[in-house]
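Structural overview
Single-letter residue listing:
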Amino acid sequence: MDQEKVDTDYDVIVLGTGITECILSGLLSVDGKKVLHIDKQDHYGGESASVTLSQLYSKFKQNPPSKEDREGKFGKDRDWNVDLIPKFLMANGELTNILVHTDVTRYVDFKQVSGSYVFKQGKIYKVPANEVEAISSPLMGIFEKRRMKKFLEWISSYKEDDVPSHQGLDLDQNTMDEVYYKFGLGNSTKEFIGHSMALWTNDDYLQQPARPSYERILLYCQSVARYGKSPYLYPLYGLGELPQGFARLSAIYGGTYMLDTPIDEVVYADDGKFEAVKTKLGTFKAPVVIADPTYFPQKCKSTGQRVIRAICILNHPVPGTSSADSLQIIIPQSQVERKNDIYIAIVSDAHNVCSKGHYLAIISTIIETDKPHVELEPAFKILGPIEEKFMGIAELFEPKEDGFKDNVYLSRSYDASSHFETMTDDVKDIYFRVTGHPLVLKQRKDPEQE
Amino acid sequence: MNNPVTSIKLVLLGEVAVGKSSIVLRFVSNDFAENKEPTIGAAFLTQRVNINEHTIKFEIWDTAGQERFASLAPMYYRNAQAALVVYDVTKPQSFIKARHWVKELHEQASKDIIIALVGNKIDMLDEDPTERKVAREEGEKLAQEENLLFFETSAKTGANVNEVFLKIGENVPLKQAADGSNNGSGLNVRRDNGWIWQTRLIQPRKPLTVAAESLVVLITKVHISFPERFRTEYGGVAAWAVNLCKTVSWNQP
């Protein structure tokens with residue numbers, strides 16, 4: 001009834017409903033900003049959406065099967081919520097922190113991921129998640145395990161203002177390789193720590209200061225300690241629930257949502273600053289716009305990296321994983337003579353993302369050759385028979401400028417990492433640039449306790 | 001008394017300004033605000049209701065305005081066990097919209113969702129009966145066709161508001177909810193023509209001899225018309241069953 005009576009002036013306009021944009025929209029609405037959030041597509045999530053099988057077919061295949069064939073093989077379409085970008089949440093990571101503080105956990109349920117596995121000499125092994133698993137793990141010899149234990153004790157006892165706990169190492173001066181040397185760790189242990197725990201996708205970190213690696217290993221250990229089986233959490237009904245949850249937060253605090261609303265024109269003032277967007281529903285003004293790269297392609301540049309992702313449907317658990325309902329497999333680069341690791345994220349009907357008896361495996365890596373699909377072969381071999389496969393290549397974009405000049409603040413593409421930590425860094429960075437103050441998370445009031 | 005608690009997600013749908021939030025406000029705090037502003041800030045209210053021996057906790061989801069530009073997220077309908085589709089009896093347009101929402105619910109929500117069709121603002125008819133633009137019969141007809149509960153309410157006076165939620169509570173399959181959020185009590189409830197079958201899983205104090213997994217199941221059958229006190233204290237017609245099979249069929253006490 002009141003659809004014509006829409007406000008035309010806002011504090012912030014957000015374009016695209018990817019998770020980065022939705023978190024920002026939610027945080028800004030909670031801060032009291034008047035937010036208008038628009039998406040050109042008719043569903044939430046943008047690049048970070050979870051889609052149904054029929055949407056997946058029409059996105060990736062030129063001749064999708066008939067509805068009857070598809071349902072005969074894979075069951076009802078509504079049972080499927082397939083992530084376009086594979087990621088897990090670190091249990092102790094920043095996204096979990098934001099979810100808890102904003103109370104978006106009320107709208108989304110999470111499950112622990114059953115295990116993290118690493119590929120070594122043709123086989124996959126579970127990354128130990130506790131002491132018992134560590135002792136029995138065949139990943140390391142007995143002497144190496146002792147050295148590893150010393151290293152982890154150093155990590156957990158390291159205190160910035162307690163110099164003896166540094167054991168003579170300086171996180172900002174020493175490289176990670178020097179740290180490894182100090183603890184006498186061998187090559188295969190270095191690979192294990194750097195790729196399975198610090199989750200670096202290549203070996204560049206070895207010659208860089210140790211601090212980021214230290215922080216990553218600490219995050220990994222704290223995340224594993226939180227729930228026990230693996231450091232990861234995953235939302236029921238797929239990652240696409242996350243943007244929806246934050247969009248709801250934004251709406252509850254007054255944010256206005258318009259899906260299926262393409263931007264016809266972006267209007268700039270004479271001084272070159274953003275002024276308004278024109279859409280089929282009218283012209284909307286705000287001093288600031290936040291958007292994903294697809295809304296301002298001319299203001300973005302390629303990072304030079306391209307990611308290949310293969311979404312695979314299986315009708316069996318992954319061999320050698322004790323029928324785990326969810327897991328991550330890391331194939332370290334050196335094991336397959338590459339520069340970048342290959343990741344496989346596996347979830348199943350236990351997470352309400354596919355129909356009963358099915359498993360979804362998403363393989364991803366940074367492209368190194370001109371035959372990217374061949375690069376994924378080692379991963380396909382691990383998975384066993386594959387029912388259906390959808391492959392796509394994504395170029396990663398980042399903004400050319402910081403947004404101060406024209407008040408157009410752009411997010412980065414979702415990278416090849418297996419978790420959301422770089423995404424939340426981007427959120428905090430944009431938040432700081434837009435508001436002028438760093439993000440401080442406050443607990444929402446609990447209406448039940450009022 | 002420690003009643004088992006069943007949480008029910010209930011979603012609100014209906015055109016702007018038909019009184020969705022006012023109905024909830026009346027139900028949750030027995031309050032009414034004249035010229036209430038569009039919803040901001042509180043889109044997740046809860047209210048507990050005791051029905052028979054069961055406590056039902058309604059988790060009420062407001063659309064938070066996201067329905068305005070067809071931007072309601074699939075998350076909104078996800079796992080909703082009940083829905084209130086509200087229209088304004090003085091606005092025929094809002095009844096057309098209600099039809100649309102009923103259709104949308106059938107498509108998007110789970111199959112066994114309980115939908116209550118609610119014609120609100122009947123207080124306006126007291127002053128001037130000609131204000132009515134949607135006949136009661138129209139609402140009843142739609143409810144019958146689509147298998148909905150039907151009420152006419154006034155959030156302003158409170159007329160019939162509690163009844164809507166009580167009726168939904170009586171119709172919700174408690175078994176299913178008990179499986180999910182309240183597994184600890186092991187209570188299953190099935191309703192059959194006014195009779196309530198309860199199946200309660202009891203952990204034996206000592207392991208039974210035949211198999212460690214053995215379960216003891218208490219089955220009670222009581223009629224809804226029995227007085228509350230009688231039902232809770234004597235448990236109606238009780239039958240003990242010791243089930244030594246590993247598999248216990250929960251649906252067939």
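Taking an unreviewed UniProt entry as the reference, chain B is identified by name as Vacuolar protein sorting-associated protein 21 belonging to Huiozyma naganishii.

The name given to chain A in an unreviewed UniProt entry is Rab GDP dissociation inhibitor, with Huiozyma naganishii as the source organism. Looking at the Sequence similarities (unreviewed entry) heading of the UniProt record, one finds this comment for chain A: "Belongs to the Rab GDI family."

1. With respect to the sheet that holds strand β6 (residues 110–112) of chain A
All names here are of chain A. Read from one edge of the open sheet, three strands run β5-β9-β6, paired in antiparallel fashion. Each end of this open sheet is capped by a strand with a single partner; those strands are β5 (89–90) and β6. In this structure, β6 lies alongside strand β9 (residues 232–235), joined through three bridges in antiparallel fashion. Looking at β9, one finds that Phe110 is bridged to Pro235.

2. Describing the interface of chain A and chain B
Listed per partner, the contact involves 29 residues of chain A and 32 residues of chain B. Together chain A and chain B conceal approximately 2500 Å² of surface at their shared face, both sides included; 51% is due to carbon and sulfur atoms. The shortest N-O distance in the salt bridge between Arg78 of chain B and Glu241 of chain A comes to 2.3 Å. Along the contact surface separating chain A from chain B lie eleven residue pairs in polar contact (both at pLDDT 80 or more).

3. A look at unusual backbone geometry
All names here are of chain A. In this structure, Gln121 takes a positive phi of about 45 degrees despite not being glycine. With respect to the helices and strands, Gln121 occurs in the loop between β7 (115–120) and β8 (123–126). Taking the relative accessible area as the measure of exposure, Gln121 reaches 67% and is therefore exposed. With phi around 55 degrees, Asp260 is a residue other than glycine that occupies positive phi space. By the element assignment, Asp260 lies in the loop between β10 (256–258) and β11 (265–268).

4. Thoughts on the pattern of salt bridges
Residues and elements named next belong to chain B. Per the counting criterion, the structure on display carries 30 salt bridges over all chains. In this structure, Asp88 and Lys121 form a salt bridge, with 3.4 Å as the shortest nitrogen-oxygen distance. Note that Asp88 is positioned in strand β4 (residues 82–88) and Lys121 in the loop between β5 (114–120) and α4 (123–127), a separation of 33 residues in sequence. Residues joined in a network through salt bridges with shared partners are Arg132, Arg136, Glu140 and Glu152.

Each value, and the rule that gives it
- Residues numbered from 1 in each chain as written.
- Chains lettered and ligands numbered in written order.
- Predicted model: local features only at pLDDT ≥ 70, side-chain atom pairs only at ≥ 80, totals over all residues.
- Heavy atoms only, no water.
- UniProt positions renumbered as here; feature names shortened; annotations may be inferred.
- Pairing = 2+ DSSP bridges.
- Helix = DSSP H or I, 4+ residues; strand = E, 2+ residues; numbered from the N terminus.
- Contact = heavy atoms within 4.5 Å.
- Buried area = accessible area lost by both parts, 1.4 Å probe.
- Salt bridge = Lys/Arg side-chain N within 4 Å of Asp/Glu carboxyl O.
- Polar contact = N/O pair within 3.5 Å; in protein donor to acceptor, adjacent residues only side chain to side chain.
- Buried < 20%, exposed > 50% of the residue type's maximum accessible area, 1.4 Å probe, protein only.

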